[in-house]
Structures are given as C-alpha cells and as structure tokens.
Amino acid sequence: MSVIDILSLLGLLATAAFAASGILAAMGTRIDLFGAVVVAVVTAIGGGTLRDLILDVPVFWLHDPAFMACATITGVLAFLGRAHLDAHGNLLAYLDAMGVALFASGAFIKSTALGLPPAHALVMGVITGIGGGLLRDTLTGRETLLVSPELYATPIIVGLLLQALSTSVFALPQDLGYAVGAVSIVIMRSLAIHYRWRMPAALINRPR
Amino acid sequence: MSVIDILSLLGLLATAAFAASGILAAMGTRIDLFGAVVVAVVTAIGGGTLRDLILDVPVFWLHDPAFMACATITGVLAFLGRAHLDAHGNLLAYLDAMGVALFASGAFIKSTALGLPPAHALVMGVITGIGGGLLRDTLTGRETLLVSPELYATPIIVGLLLQALSTSVFALPQDLGYAVGAVSIVIMRSLAIHYRWRMPAALINRPR
Amino acid sequence: MSVIDILSLLGLLATAAFAASGILAAMGTRIDLFGAVVVAVVTAIGGGTLRDLILDVPVFWLHDPAFMACATITGVLAFLGRAHLDAHGNLLAYLDAMGVALFASGAFIKSTALGLPPAHALVMGVITGIGGGLLRDTLTGRETLLVSPELYATPIIVGLLLQALSTSVFALPQDLGYAVGAVSIVIMRSLAIHYRWRMPAALINRPR
C-alpha cells in the first residue's frame, strides 16, 4: 500500500470522524435525518474546501466521490444510532480531535507540496483543521470549541510546529512528518480533554 | 425568448426572493436601511458565490450587474415596505423556498454543464440552495431553517434526485430537468410549510 | 516611499486594528491565548481572503509573511495587555472602523485595477471591509456590528461612493481616491460611534 493510499485512507477516517461530530453537535436541536446529514457533510468537507479554495487547487471532494459517500453514510448511520452515541459527554470532542489532527497535518503536507514555506503551511494546517468544526458549531448554534476551557488551538499549533521541525530541521520525509504532527495533535488534545488541561490562568481570559 | 434568457430571469426571481427573505430575517433586530440591504445582498448572492468558488468559475454577479441591482432594489423596497410584509408568519419560509428551489436546480444545470457527474451536481445544488440562507440566518442571529421542524433538506434532496433522474435516466433536456427539479422543490417545501409536514418521529431528533 | 509601499503599510495597520478588535471581541469568553490569537488572525485576514477568492487572484497573505506576522504579534500583545484594553467601551468599534475603512478602500483600488466597473468595485469594498468583522462576531458569539444601532453600513457605502466619484468623475489618481474613501469612512464611522449618529427612526427597524 503506497503512501498516497494510506493518506487517502486517513483522510476518509478524518471525514468520518468529523461527520459523526456534526451529528453529535446537532443533538441539541430538533433536526431531522436529512438536515443532520447536511450538517455532517458540511462539517466533514468544510475545512478541506476552504483549504483548496485558498490554495487555488481543485476542491478535493469534487473529483473523488469517496469523501462525499463516506460523510453521507457516516452521517446517516450516526443519526440512526444517535441513542447509543451521546452517552459519552466528550465523544464529540474526541471525534473532533481526530478529524482536526488528520486534516491539519494533511493540509500541512499538501501546502508544502505546493511550495509554501513552513510558516504558511502551518497556518493552512490550522485553518483546515478547525474550519469544518467552526462551520458545524455555527450551523448548530453551539459555542465553538475554539473558546472551550481546555486546550484547543494549542495542541494544533504545537503539533504542526513539531511536524514542521521534523521535515525542515530533521529532514524527515513528509509522510513521517505527517505522522509526527497528527499523532502529537491527537494525543495532546485527548489529554487536554480527559485531564482538562488548560493554559495557566494568566493566559485564560476571565470574562467581565 | 431563449432558454438562457428564461434561466436568467428565473435567477433574478430567486435573487429577489432571497433578498426579501434577508430583510424579513433582519426584522428581529434594530438594523437600519443600509445594514438590512447588506444582509439582503449577502443572502441573495451568497449561495451562488460559494457555488462558483467551488466550481472555480468566475463569480456570477461580478460580470453581470443585474443580480446586484436586483438584490439591492428588492432589499430597499422590502425594507421600506416591511410593515406590510411581516404580517404573514411564514412569508420568510416561502420566499426562502422559492430562492432555494431555483438556485438549487440552476446549480445542478451549471455543474452538469461543467462535466460533473449527477451525484456531485446534486451536492452542488444543495450547497448553492442553502448557502445564502445559512449566511442570512448567521448574520441575523437566527436559528437556521436547516433545523426547522418542517421538512427542509428533504425536499431539496428529493427534488434534485428527480431532476437527476429526468436528465440521466429519462434523457430529458437539461432545461426540462430544471423545471422538474425547481417545481418539485417549491411544491414539496410549500406543502411542508403549510401542512407542517415532518419526517416520522423516529427520524427527528429529540433534544435532551 | 512609493505609493505601493504606503498602501502596504496601511494594509498592515488595518491588519493590526482588526487583529486587536478580534481580541477585544473574545473578551466575553473564557478563551485562552492561542485560541484568541486564532480569532485575531481570522478577523484580520478574513475579509481580504474573501476578496481574493471572489476576484480569483492569489490570496494576499499566502505569499507575503508580513500580514500573518503582524496579525499574530498584534493578537499576542493585545491578549497579554487585555486588562488595559477593555476599559474603553467603544475601543472595539473604533478599531473595527479603522480596519473596515482601510480594507474597504484598498479593495476598491484592487478591484478597479483588475478592470471591475465602479459599482462592482464598491460591492467588493463593502464585502472586504465587513467580512473579517462578521467572522469575528460569529466566532465569538456576538451580535454583529452590522445590526448595531449606530450607522455602520452607511459610512462604508457613502465613503466608497465618494471614492468612486473622486476617481471616475473627478479623475483623481487611485491613491488619492483611496485617501478620500478611507478617511471619509473613518471619520463618518467615528462620529457615528461617538455621537451615536443613527438613521432617521423611519429607516431603523423596530423589532416586534
């Protein structure tokens, strides 16, 4: 199985994770099956669509039916099985973490392959990683995870920095850098969710 | 009058319907004339702009002043006559239905003409149809129609499926397929609004 | 110093103003440093990104690291110094005014240089000017400034009309037209904030 194949498979995994997170986010509303599936699809393809528009390359799902099919099927199944899903209070956050990690690190590779310097590839990674979730939270009227008390932006930025260091300074191949970035984002974000890791109080805003 | 002319006219009708829906959506806020016109214009051109960005074709209103003029004038008139408009509780939903139907079916034709397969043309139709309304509801702080209890996504998806079937399986010309799609979406959605058609309870989420 | 240089500097000033407004907007939430910086960056580059996508030109910050650096540094400094910032109740509105004015007038120039007629350049100016702020307000769950009781859209539209008149009718060079547009928007909007200038009551919606 070539590197490209593995990356595509991980992209589908991220798509499914984001689609399921879209269904969970809609559980606070009186949405119906097809409405929920639309939320799931927009969540799953939103970040990557924004990435491709900014990079001025063909939008990824337009010429590969697998992503749309994956998001739709996951959305339908997650909606039908929603009674079993929402038991875990943090499931939405964990699914989001997986989608964010894989999409962010994948966008870093794609941007680098197009000749962007590491700093801009990092920004593209952040935008791609969080874009779908921001659309999801806006559509379903939720406060975005970006303002969650647990570390959210930090793991993404740190993980992409590690990915940038791996490939620029340590000259690892791009696919190993992808693994470094994605795995470190998932682990840091999961620890943040589970142990409620936060920044020091001085670096968290206290609303007045 | 050629087919192109009729399509353009229907596009202007959809633009006016969406612009008026933008004014109605803003009626819950202390917005002023020009603020409301901006909401009307963004609502009217939002979905088609997103469509053209994704399809990587020139944005439709950038080279045809008719759409912007239509949205602006409709917005101004609807705002000035707002006292007479908001009497009908469902007027916003009906205007949205007309805009959604015409834009969704039009996007299906445009995507098909660019060589997209029916499944992707259908997705482009959904995105184009609902895009402007989602921007409208976000700008005006309303819960989006996508989570309305009445059927919303379903009529769009079913109507576009009928349009896809008409042109692919029954080999109708594209403009007849457009008529099939747009008319069926308007009718189904209007019936859903008027008779409060919903999915079976098992397919509607009950928030906890 | 050439005209281009001055325009770039003013673009950076607008970027910083918008980034700081993003931090202020997030002060109502329990956001942390990096989350707030993401909001600041999205606010600062959002409008211009939308402009470049619609105009189908390379996204401005992708090939010029200065904008991203400026938004990030401003965001970090504004967050760390937030205790000193939020004393002024209207600081957010004034920062927004500066960003809106410079971005709107700059987008008018850029659109004109690409051959757009004045009416469309004006629309591009409005979209670019308000785009970042709309993203900011959506991300931070605030009611958008577009529905603020004080004049908001009006100064932008009037200022851009003056800019269009300056260059089309009075044949001023584009950079002088830019000055006319940006300065008039900042002044009108600042007066509106300070003196609570509004439209006549008949042109403000009264929610029911």
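What counts and how
Residues numbered from 1 in each chain as written. Chains lettered and ligands numbered in written order. Predicted model: local features only at pLDDT ≥ 70, side-chain atom pairs only at ≥ 80, totals over all residues. Heavy atoms only, no water. Phe/Tyr/Trp six-rings, centres within 6.5 Å; stacked < 30°, edge-to-face > 60°. Buried < 20%, exposed > 50% of the residue type's maximum accessible area, 1.4 Å probe, protein only. Helix = DSSP H or I, 4+ residues; strand = E, 2+ residues; numbered from the N terminus. Least-squares fit on C-alpha atoms with pLDDT ≥ 70 in both. UniProt positions renumbered as here; feature names shortened; annotations may be inferred. 1 Å grid on protein atoms, 1.4 Å probe; cavity = no way out; pocket = protein on both sides within 12 Å on 5 of 7 lines; lining within 4 Å. Points joined across faces, edges and corners; volume = space filled by probe spheres on them. Nonpolar A, V, L, I, M, F, W, Y, C, P; charged D, E, K, R; others polar. Axes fitted to C-alpha atoms, helices over the stretch in contact; angles between N-to-C directions. Parallel < 35°, antiparallel > 145°, perpendicular 65-115°, else oblique. Left-handed = near helix turned anticlockwise from the far one by under 90°. Contact = heavy atoms within 4.5 Å. Buried area = accessible area lost by both parts, 1.4 Å probe. Salt bridge = Lys/Arg side-chain N within 4 Å of Asp/Glu carboxyl O. Polar contact = N/O pair within 3.5 Å; in protein donor to acceptor, adjacent residues only side chain to side chain. Core = buried A, V, L, I, M, F, W, Y, C linked by side-chain atoms within 4.5 Å. Lys, Arg positive; Asp, Glu negative; His and termini not counted.

Scanning all chains against the criterion turns up six aromatic pairs over all chains. Between the aromatic rings of Phe60 of chain A and Phe67 of chain A, the centroid separation amounts to 5.0 Å while the plane-to-plane angle is 80°, which identifies the pairing as edge-to-face. Pair check on accessibility: Phe60 of chain A and Phe67 of chain A agree, each one buried. Both rings, one in Phe18 of chain B and one in Phe103 of chain B, keep their centres 5.5 Å apart while their planes meet at 15°; by these two values the pair is stacked. In this pair, Phe18 of chain B is assigned in helix α1 (residues 3–25) and Phe103 of chain B in helix α5 (residues 91–113), connecting sequence segments 85 residues apart.

The next subject is the relation of the copies chain A and chain B. Overlay of chain A on chain B (RMSD 0.0 Å): rotation 120°, translation along the axis 0.0 Å. Both chain copies can therefore be described as sitting about a three-fold axis.

Residue and element names in this part refer to chain A. Annotation from UniProt places "transmembrane region" (unreviewed entry) at residues 6–26, 33–54, 60–79, 91–109, 121–139, 151–172 and 178–197. Overall, residues 33–54 shows 100% helix and 0% strand. The separation of its end C-alpha atoms is 32 Å. Secondary structure across residues 91–109 divides into 100% helix and 0% strand, with the first and last C-alpha atoms of the span separated by 28 Å.

Take the UniProt feature "domain: Glycine transporter" (unreviewed entry) in chain A next. Following the UniProt record, the feature "domain: Glycine transporter" (unreviewed entry) maps to residues 10–80 and 94–163 of chain A here. Counting secondary structure, residues 94–163 of chain A comes out at 76% helix and 0% strand; the distance between its end C-alpha atoms is 21 Å.

In this section: empty space enclosed by the protein. All names here are of chain A. Enumeration over the complete set of coordinates arrives at one cavity of 30 Å³ or more. Lining of the largest cavity is provided by Asp96, Ala97, Val100, Tyr152, Pro155, Ile156, Ile185 and Arg189. At the level of secondary structure, the elements contributing two or more residues to the lining of the largest cavity comprise α5 (91–113), α7 (153–168) and α8 (174–195). Among the elements that take part in the lining of the largest cavity, α5 stands out by supplying three residues, more than any other. Looking at the lining of the largest cavity residue by residue, the classes come out as six nonpolar, no polar and two charged.

Residue and element names in this part refer to chain C. Between helix α2 (residues 33–55) and helix α3 (residues 65–80), the least distance of the axes is 8 Å, while the angle of their chain directions is 135°. Taken together, the axes of α2 and α3 are oblique relative to one another. Between α2 and α3 lies a crossing whose hand is right-handed. Judged by residue contacts, Leu33, Ala36, Val37, Ala40, Val41, Ala44 and Ile45 of α2 engage Met68, Ala71, Thr72, Gly75, Val76 and Phe79 from α3. Of the residues in the contact of α2 with α3, the class split is eleven nonpolar, two polar and no charged.

Between chain C and chain B, which share one sequence, the superposing operator has a rotation angle of 120° and an axial displacement of 0.0 Å; the RMSD is 0.0 Å. Comparing interface residues between copies, only 10% of those in chain C also sit at the interface in chain B, which points to a heterologous contact through distinct surfaces.

Next up on the list: the side chain of Thr154 of chain B. Along the chain, Thr154 of chain B falls in helix α7 (residues 153–168). Apart from the residues within four sequence positions on either side, Thr154 of chain B is in contact with Asp32 and Phe34 of chain A together with Met199 of chain B.

Glancing now at the interface of chain A and chain B. Between chain A and chain B, the contact holds 29 residues from the first and 30 residues from the second. Overall, the association of chain A and chain B removes approximately 2500 Å² of surface from exposure, summing both partners, and the carbon and sulfur fraction of that is 68%. Here chain A and chain B share zero salt bridges between them. Where chain A packs against chain B, one counts nine residue pairs in polar contact (both at pLDDT 80 or more). For the side of chain A that touches chain B, the element with the most residues is helix α2 (residues 33–55) of chain A, which contributes seven residues. The residue inventory of the side of chain A that touches chain B, partitioned by class, reads 17 nonpolar, six polar and six charged.

All names here are of chain A. The contact between α7 and α8 brings their axes to 8 Å, and the two run at 160°. The angle between α7 and α8 places the two elements in the roughly antiparallel class. When you trace α7 past α8, the crossing you get is right-handed. Residues Pro155, Ile156, Val158, Gly159, Leu160, Leu162, Gln163, Ser166 and Thr167 of α7 touch α8, and the partners they reach there are Gln174, Gly177, Tyr178, Val180, Gly181, Ser184, Ile185, Met188 and Arg189. Of the residues assigned to the contact of α7 with α8, the class counts are nine nonpolar, eight polar and one charged.

Nonpolar side chains in soluble globular proteins generally cluster together in the buried interior. Trp61 and Ile156 of chain A, Trp61 and Ile156 of chain B together with Trp61 and Ile156 of chain C are the most contacted members of the largest nonpolar core, which totals 188 residues. Setting aside anything within four residues of it in sequence, one finds Ile156 of chain A in contact with Val100, Ala104, Val126, Ile130 and Ile185 of chain A. Among the nonpolar cores identified, the runner-up in size contains seven residues, and Ala17, Leu24, Ala25 and Leu95 of chain B belong to it.

Residues and elements named next belong to chain A. Along the chain, Arg189 falls in helix α8. One buried charged residue, Arg189, forms no salt bridge at all, with the nearest opposite charge on Asp96 at 4.8 Å. At a separation of 2.7 Å, a polar atom in the side chain of Arg189 contacts the main-chain carbonyl oxygen of Leu151. Setting aside its immediate chain neighbours within four residues, Arg189 contacts Ala93, Ala97, Leu145, Glu150, Leu151, Tyr152 and Pro155.

All names here are of chain A. The exposure class of Phe103 is buried, given its relative accessible area of 7%. In this structure the C-alpha to C-alpha distance between Phe103 and Leu12, which are 91 residues apart in sequence, comes to 10.0 Å. When neighbours within four sequence positions are excluded, Phe103 is seen to be in contact with Gly11, Ala14, Thr15, Phe18, Ala44, Thr128 and Gly129.

Before going further, it helps to spend a moment on the pattern of salt bridges. Residue and element names in this part refer to chain B. Per the counting criterion, the structure on display carries 21 salt bridges over all chains. Among the ionic pairs, Asp52 bridges to Lys110, the shortest N-O distance being 2.9 Å. Linking Asp52 in helix α2 (residues 33–55) with Lys110 in helix α5, this pair joins segments that are 58 residues apart in sequence. Look at Asp52 and you get buried, because its relative accessible area is 0%.

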